[in-house]
Amino acid sequence: MSSYAAVLRTPHAASTFGAALLGRLSYGTLSLSLLLAVKDASGSLALAGTALALICAAVTLRATSRRSPVRGAAGAS
């Protein structure tokens, strides 16, 4: 745990971490908001679940694609 504290004490690390944390909070609410919006618009929970599954599949495929910045960053080191 002390290594995390040491990293966060470096200049600009804590503010960068805080901004990244705040920016990623929306990922947690995306699923619920999409599910409720599609269910409200269509009246079908099955359609809402299908839309959510498609979004999750698209995010997964993007994260594992060859052009993904995540994969490129890991391969760069």
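Calculation notes
Residues numbered from 1 in each chain as written. Predicted model: local features only at pLDDT ≥ 70, side-chain atom pairs only at ≥ 80, totals over all residues. Heavy atoms only, no water. Helix = DSSP H or I, 4+ residues; strand = E, 2+ residues; numbered from the N terminus. Expected span 1.5 Å × (residues − 1). Bend = angle between axes of the 7 residues up to and from the residue. Polar contact = N/O pair within 3.5 Å; in protein donor to acceptor, adjacent residues only side chain to side chain. Axes fitted to C-alpha atoms, helices over the stretch in contact; angles between N-to-C directions. Left-handed = near helix turned anticlockwise from the far one by under 90°. Contact = heavy atoms within 4.5 Å. Nonpolar A, V, L, I, M, F, W, Y, C, P; charged D, E, K, R; others polar.

A closer look at the overall build of the chain
Thought 1: Check the secondary structure of the chain and you find four helices and zero strands.
Thought 2: Order of helices (α) and strands (β) in the chain, N terminus to C terminus: α-α-α-α.

Concerning helix H2 (residues 13-42)
An α-helical segment advances 3.6 residues per turn. Residues three or four places apart therefore align on the same side.
Thought 1: Taking 1.5 Å of rise per residue, the 30 residues of H2 would be expected to cover 44 Å, and the 44 Å separating its terminal C-alpha atoms lies within 8% of that figure.
Thought 2: Within H2, the axis deviates most sharply at Thr29, by approximately 40 degrees.

Describing helix H3 (residues 45-63)
Thought 1: Between its first and last C-alpha, H3 extends 27 Å over 19 residues, near the 27 Å set by a 1.5 Å rise per residue.
Thought 2: For H3, the capping residue at the N-terminal end is Ser44, with a side-chain oxygen 3.4 Å from the backbone nitrogen of Ala46.

A word on the packing of H2 against H3
Helix packing for two helices is described by the angle between their axes and how far apart those axes are.
Thought 1: As a packed pair, H2 and H3 sit with axes 8 Å apart at the nearest point and diverge in direction by 145 degrees. Here H2 and H3 pass one another in a crossing that is right-handed. In this structure, H2 uses Leu30, Ser31, Leu34, Leu35, Val38, Lys39 and Ser42 to contact H3, whose residues at the interface are Leu45, Leu47, Ala48, Gly49, Ala51, Leu52 and Ile55.
Thought 2: Per-class residue counts for the contact of H2 with H3 are 10 nonpolar, three polar and one charged.

Read these as layout, nothing more, since geometry by itself doesn't imply function.
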